[in-house]
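Structure at a glance
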Amino acid sequence: MMHVNRWIYNAVKYNVQEITMVIEQLQNSAYEIPQRLLNCKSLKKLVIRMFDAARYVDIILPRSMYLPRLKVLLLDGLSFSNLELAKKLLSSCPVLKDLEIINCDIQSDNQKILIVDSVSVKKFTYTCWLNYTMPSVIKLCAPNLEEFNCRSFFTQDYSLENCSPLSVVDLCMILEEHEEDENAETYSNLPSEEKEVYAIRMMKSLGAVYMVKRLRLSPGFLEVLSRAPDLLDYQPPRLCNLKCLTLVMWSTRGCLRAIVYLLSISPNIDTIYLELEKVTFNQALRSINWSATATFKFVQQFWNIRGFLISVVLIVLIFDIF
């Protein structure tokens, strides 16, 4: 890594504005980020990622860090053992706007809680497809946050503390570690008690982003949310500011039921996009099992939302007729 560090020193010397580092697997050792890099006064974008997406590398941070112009920070496949320095990394970026964390072991305390505390961050993207790096709870303390994108597991809990009303939210939640293994059958085989726990958790997430204007949800989210109308002891959220709703769906009764529910709690929608997940023509015909009553309720709800005209675009990602 000596040559890499020398290259970094020269880049910092000449006031570099963007740096992308791709770290290969080290032999039973950690990589120490050069102090000069994390004290670069000209740097505006920093990307540090692990070469092998299935593993992560231990990172040692310097005790002195200050990035006064950094606006974009992406961390991918990294593990931070010093919790205090991990917290300090964010606080050392006073004008950070865009933060993305992908498959990182970066818990802020010993209870596996990831705390993202930043006054300046406006967009936060969190992705975790690896169970062994996943914190149990994510706490967002970001008073100026406008956009939140999350791709993770249903087993994770979220706490939006001291956040401003979010304008854009994208929640892609899964059960399986490999997204390609996700299908409607996975959710139909879930025990009802487990599905109810996840439904309450997803309703809590919607309640936390009740001021959202643009919302995108995954098919797994919809399948779990289909249990929401049965939760009599739980007060449903109201998404009164929601204008644009994008739903990635399977052709199942559960997804349709969830759409009806979402429309019932979102009185001011004016645009809906439905994306049909990968499915063959024959599979679609076999799996569509929507009752006449459910369909009628769906259409009725569709056209009676405060007199607004609903613009619907059905996007078939892969429509195989053979």
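The shown structure was predicted, so the numbers you read here are calculated from the model rather than taken from an experiment. (Residues numbered from 1 in each chain as written. Predicted model: local features only at pLDDT ≥ 70, side-chain atom pairs only at ≥ 80, totals over all residues. Heavy atoms only, no water.)

1. What to know about the pairing of strand β16 (residues 271–276)
- Extensive coverage of β16 is indicated by the burial of five of its six residues.
- Here strand β15 (residues 244–249) runs beside β16; their pairing, made up of six bridges, is parallel. The residue of β16 that forms the bridge with C244 is T271.
- Between the parallel elements β15 and β16, the chain passes through helix α6 (residues 253–264) in a crossover that is right-handed. (Buried < 20%, exposed > 50% of the residue type's maximum accessible area, 1.4 Å probe, protein only. Helix = DSSP H or I, 4+ residues; strand = E, 2+ residues; numbered from the N terminus. Pairing = 2+ DSSP bridges. Right-handed = clockwise from strand over helix to strand, strands pointing away.)

2. With respect to the packing of aromatic side chains
- A complete count under the given rule lists five aromatic pairs for this structure.
- A ring pair is formed by F124 and F148, whose centres lie 5.9 Å apart and whose planes are at 5 degrees; its orientation type is stacked. Here F124 is found in strand β9 (residues 123–127), whereas its partner F148 is found in strand β11 (residues 147–153), with 24 residues between them in sequence. Across the pair, exposure class does not vary: F124 and F148 are buried alike.
- Taking 5.7 Å as the distance between ring centres and 50 degrees as the angle between the ring planes, the aromatic pair formed by Y187 and W250 counts as tilted. Here Y187, found in helix α3 (residues 184–188), pairs with W250, found in the loop between β15 and α6; they are 63 residues apart in sequence, far enough to count as distant.
- Assessed through its relative accessible area of 11%, W250 is described here as buried.
- Here a set of aromatic residues connected by ring pairs shows up, and it is made of F154, Y187, Y198 and W250.
- Between R36 and the ring centre of Y9, over which it is positioned, the NZ or CZ distance is 4.8 Å. (Phe/Tyr/Trp six-rings, centres within 6.5 Å; stacked < 30°, edge-to-face > 60°. Lys NZ or Arg CZ within 6 Å of the ring centre and 35° of its normal.)

3. A closer look at the pattern of salt bridges
- In the structure shown here, the tally under the stated rule is five salt bridges.
- Between R216 and E275 there is a salt bridge, and its shortest N-O distance comes to 3.3 Å. You can see R216 sitting in strand β14 (residues 214–217) and its partner E275 sitting in strand β16, a full 59 residues away along the chain.
- We classify R216 as partly exposed; its relative accessible area is 29%.
- A residue is classified by how much of its surface remains accessible, and E275, at 13% relative accessible area, is buried.
- Each of R151, D170, R216 and E275 takes part in one network of salt bridges that share partners. (Salt bridge = Lys/Arg side-chain N within 4 Å of Asp/Glu carboxyl O.)

4. Focus: the environment of D98
- For D98, the location among the structural elements is in strand β7 (residues 98–102).
- Sequence separation between D98 and E147 is 49 residues; the distance between their C-alpha atoms is 9.4 Å.
- Filtering out sequence-adjacent residues up to four positions away, D98 remains in contact with K71, V72, L73 and K123. (Contact = heavy atoms within 4.5 Å.)

5. Section: the sheet that holds strand β2 (residues 31–32)
- With parallel pairing, the three strands of this open sheet are ordered in space as β2-β4-β6. At either end of the open sheet lies a strand with only one pairing partner, and these are β2 and β6 (78–80).

6. Some remarks on helix α2 (residues 83–91)
- Among the residues of α2, L85, A86, L89 and L90 are the ones counted as buried. In a view along the axis of α2, the buried residues occupy a sector of 150 degrees, so they form one face of it. Residues of α2 that are exposed and point over 90 degrees away from its buried face: E84 and S91.
- Contacts from the buried residues of α2 go to β5 (72–76), β6, β7 and β8 (113–117).
- Regarding α2, its N-cap is N82, as a side-chain oxygen of that residue lies 3.2 Å from the backbone nitrogen of E84 further along. (Arc of directions from axis to C-beta. Polar contact = N/O pair within 3.5 Å; in protein donor to acceptor, adjacent residues only side chain to side chain.)

7. A word on the environment of L83
- Of note, L83 is situated in helix α2.
- Judged by relative accessible area, L83 falls into the partly exposed class, the value being 21%.
- Distance from L83 to I106, taken between C-alpha atoms, is 7.6 Å for residues 23 residues apart in sequence.

8. A word on a positive patch on the surface
- A surface patch of like charges, here positive, comprises K44, R69, K71, K97 and K122.
- Looking at the secondary structure, you find K71 in the loop between β4 (57–60) and β5.
- By relative accessible area, which is 44% here, K71 ends up partly exposed. (Patch = residues over 30% accessible without salt bridge, like charges linked within 9 Å, V, L, I, M, F, W, Y side chains within 5 Å. Areas by Shrake-Rupley, 256 points an atom, 1.4 Å probe, with all protein chains shown as cover. Lys, Arg positive; Asp, Glu negative; His and termini not counted. Charge placed at Lys NZ, Arg CZ, Asp CG, Glu CD.)

9. Brief notes about the side chain of N268
- Relative to the helices and strands, N268 is located in the loop between α6 and β16.
- Given the relative accessible area of 14%, N268 is considered buried.
- A polar contact of 2.7 Å, which involves the side chain of N268, links it to the backbone oxygen of C240.

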